[in-house]
Amino acid sequence: MAIEVHGVTKRFGEFTALDEVSLAVADGSLTALLGPSGGGKSTLLRVIAGLEEPDAGEVRIAGRSMDGVPPQRRGVGLVFQHYAPFRHMTVRDNVAFGLRVRKRPRDEVRARVTELLELVHLSGLADRYPAQLSGGQRQRMALARALAVEPRVLLLDEPFGALDARVRRELRDWLRRLHDEMHVTTIFVTHDQEEAMELAEQIVVVNEGRVEQAGRPADLYERPANPFVMSFVGPVNRLGETWVRPHDVELMRDPREGSVEALVDRVVRLGFEVRVALTLADGTSLSAQVTRAEVEDLELEEGQIVHVRSHRSTVFAA
């Protein structure tokens, strides 16, 4: 394993940010730390980076204990949401900074920077200053600077959080392609479940300082360990003690075995997908996810009475 966290606890005064957290990250993998704000994701990333010392437990990178090892000796590259470049330096000089501090030969620095600028699609902007770049370009520059020193581990703390939705999608696709080319062990923090599901090979759900579940995206979505994971990883309906994903809700004109009546409150068309908001006879709200073909077949419209039932549901043991 590239990274191992064993029983890490971190407190800030009376507040416990991490409570005996353990996880393993495979070499060359892309892992997401997913959870709500304040749940402990960024604190865990900072502990791995060496920016915070744990009160208990241990972090190991490439099999070596990081106890007492400062951040600059851990072989990690860091990128934060609000990246602070050197404003007086060009893109080229920002990317080269870490190599020059390490007194690498000039020809090596030039070659490495040229390679990275091509990799992050900034070759034509090498002589610009950060203020002349878009938000997405600045984040790509930040990633190039982090990668310049050839870190064993790349740690990203909500790197796309300050960007608009379209740029976020573009950078997600770009980061996935970059990772496939470089295979640097990467951990990124996000509260966006769609981002985690699209990018990560492993998702670690962190909540109130604890790991709720860790596994492949499909495992967390299809086989959540508890109600929190079920509700956080993808949309879900709560019907008493039963949990139902919107795409498992079937809509029908006529009653069938196991179906109940529902009023159509709203129909939202999002390309191929259509989201339908419904209200059951007892006042319970329900959402369904269907195709345009199904909507046309049902002649679905607001105010209509339909019959609904679920293909599949989940009940958690008390």
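As a reminder, the structure under discussion sits directly above these lines.
First things first, this report covers the structure right here in the doc. (Residues numbered from 1 in each chain as written. Predicted model: local features only at pLDDT ≥ 70, side-chain atom pairs only at ≥ 80, totals over all residues. Heavy atoms only, no water.)

**Regarding the sheet that holds strand β5 (residues 64-65)**
Reasoning step 1: The antiparallel open sheet is built from four strands, whose spatial order is β2-β1-β4-β5. A single partner strand is all that each edge strand has here, and the edge strands are β2 (15-25) and β5.
Reasoning step 2: Bridge count for strand β4 (residues 56-61) against β5 is two bridges, and the pairing is antiparallel. Looking at β5, one finds that Ile61 is bridged to Arg64. (Pairing = 2+ DSSP bridges. Helix = DSSP H or I, 4+ residues; strand = E, 2+ residues; numbered from the N terminus.)

**Details of the packing of aromatic side chains**
Reasoning step 1: A full pass over the atoms with the stated rule returns three aromatic pairs.
Reasoning step 2: For the ring pair Phe228 and Phe232, a centre distance of 5.5 Å and an interplane angle of 15 degrees mean the geometry is stacked. On the criterion of helical spacing, the pair formed by Phe228 and Phe232 is a turn pair, its members being four residues apart in helix α8 (residues 227-232).
Reasoning step 3: Lying across the ring of Tyr221, Arg245 places its NZ or CZ 4.1 Å from the centre. (Phe/Tyr/Trp six-rings, centres within 6.5 Å; stacked < 30°, edge-to-face > 60°. Lys NZ or Arg CZ within 6 Å of the ring centre and 35° of its normal.)

**Observations concerning the sheet that holds strand β14 (residues 260-270)**
Reasoning step 1: Within the open sheet, the five strands sit side by side as β13-β17-β14-β15-β16. Their pairing is antiparallel. Each edge of the open sheet carries a strand with a single partner, namely β13 (249-252) and β16 (285-291). The sheet shows a mean angle of 45 degrees between the axes of neighbouring strands, direction not considered.
Reasoning step 2: Sheet topology places β14 next to strand β17 (residues 305-310); four bridges connect them, and they run antiparallel. By the bridge assignment, Val260 is partnered in β17 with Val308. (Axes fitted to C-alpha atoms, helices over the stretch in contact; angles between N-to-C directions.)

**Overview of the nonpolar core**
Reasoning step 1: With 45 residues, the main nonpolar core has Val95 and Ile203 as its most contacted residues.
Reasoning step 2: Looking at this core, the element that brings in the most residues is helix α4 (residues 135-148), giving seven residues.
Reasoning step 3: When residues no more than four places from it in sequence are discounted, the contact partners of Ile203 are Ala32, Leu34, Ala196, Met197, Gln213, Ala214, Gly215, Pro217 and Leu220.
Reasoning step 4: Of all hydrophobic cores here, the second largest spans 25 residues; its members include Leu23, Val25, Leu33 and Ala49. (Core = buried A, V, L, I, M, F, W, Y, C linked by side-chain atoms within 4.5 Å. Buried < 20%, exposed > 50% of the residue type's maximum accessible area, 1.4 Å probe, protein only. Contact = heavy atoms within 4.5 Å.)

**Examining the pairing of β13**
Reasoning step 1: Side chains Val249 and Leu251 project from β13 onto one buried face, and the interleaved Glu250 and Met252 project onto a second face that is buried too.
Reasoning step 2: As paired elements, β13 and β17 share four bridges and run antiparallel to each other. Pairing of Glu250 across the sheet is with Arg309, part of β17.

**Quick look at the pairing of strand β8 (residues 185-190)**
Reasoning step 1: Here β8 lies mainly inside the structure; six of its six residues are buried.
Reasoning step 2: Side chains Thr185, Ile187 and Val189 project from β8 onto one buried face, and the interleaved Thr186, Phe188 and Thr190 project onto a second face that is buried too.
Reasoning step 3: Across five bridges, strand β3 (residues 30-34) lies against β8 in parallel orientation. Looking across to β8, one finds that Leu30 is bridged to Thr186.

From the geometry alone we can't say anything about function, so treat these as descriptive.
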